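Here's the letter readout for the chains.
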Amino acid sequence: MRFAILAAATVLVSAAAFAKDAAKPMPSANPAPPHGARVFIESPRNGATVGQDVHIVFGVSDIKVAPATDTAAGTGHHHLLIDVKELPPLDAPIPADANHKHYGKGQTEDTIHLSPGDHTLQLDFADYRHVQFNPPLVSQRITIHVK
């Protein structure tokens, strides 16, 4: 009898603890960026007129650029958004296509070929899974004119 009461009490305490934990919000799948972290396009400058082969230099502050194979917290790598009006959804990896270039080896610059006309460029920094930070760690969107 004593054992049955003790077992029932253990079940009730465990159930109460589970219910309390279930009420807590689940942590976001997206990590928060380190405090003060920012990314930016060093060159070209907003409004620049450039040739069709555009050399782009990426910059970061207060976060470490690392290859996508590096799972350490507070690290990530660049993605260049070309002519993208809206950021990718937070609940999925950044797409890999002509408008979303991945730099998973930890690259900090690239030369891309663009057709003549106006184009927008923006950096989107993500973790090793190609998932954006929350809030997203993005540069200012710049516009360049390609001759």
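Above this text you will find the structure in question.
Source: prediction; values computed, not measured.

**Some points on the nonpolar core**
Thought 1: Among the nonpolar cores identified, the biggest contains 21 residues, and Val54, Ile56, Leu80, Ile112, Leu121 and Ile144 are the most heavily contacted of them.
Thought 2: When residues of this core are traced back to their parent elements, those giving at least two are strand S1 (38–43), strand S3 (53–61), strand S6 (79–82), strand S9 (117–126), strand S10 (132–138) and strand S11 (142–146).

**Side note on the environment of Arg141**
Thought 1: Residue position: Arg141 is located in the loop between S10 and S11.
Thought 2: Residue classification places Arg141 among the partly exposed positions, given a relative accessible area of 35%.
Thought 3: Along the sequence, Arg141 and Lys85 sit 56 residues apart, while their C-alpha atoms lie 9.3 Å from each other.
Thought 4: For Arg141, the residues in contact, after removing those within four places along its chain, are Val84, Lys85, Glu86, Thr120, Leu121 and Gln122.
Thought 5: Only 3.4 Å separates the side chain of Arg141 from the backbone oxygen of Val84, close enough to count as a polar contact.

**Concerning the pairing of S11**
Thought 1: Only one face of S11 is buried: it carries Ile142, Ile144 and Val146, and the other face, with Thr143 and His145, is open.
Thought 2: In this structure, strand S2 (residues 49–50) lies alongside S11, joined through two bridges in parallel fashion. Within S11, the position partnered with Thr49 by the bridge is His145.
Thought 3: Of the pairings in the sheet, the one linking S9 to S11 comprises five bridges and is antiparallel in character. Its bridge partner being in S11, His119 is matched across the sheet by Ile144.

Calculation notes
- Residues numbered from 1 in each chain as written.
- Predicted model: local features only at pLDDT ≥ 70, side-chain atom pairs only at ≥ 80, totals over all residues.
- Heavy atoms only, no water.
- Core = buried A, V, L, I, M, F, W, Y, C linked by side-chain atoms within 4.5 Å.
- Buried < 20%, exposed > 50% of the residue type's maximum accessible area, 1.4 Å probe, protein only.
- Helix = DSSP H or I, 4+ residues; strand = E, 2+ residues; numbered from the N terminus.
- Contact = heavy atoms within 4.5 Å.
- Polar contact = N/O pair within 3.5 Å; in protein donor to acceptor, adjacent residues only side chain to side chain.
- Pairing = 2+ DSSP bridges.

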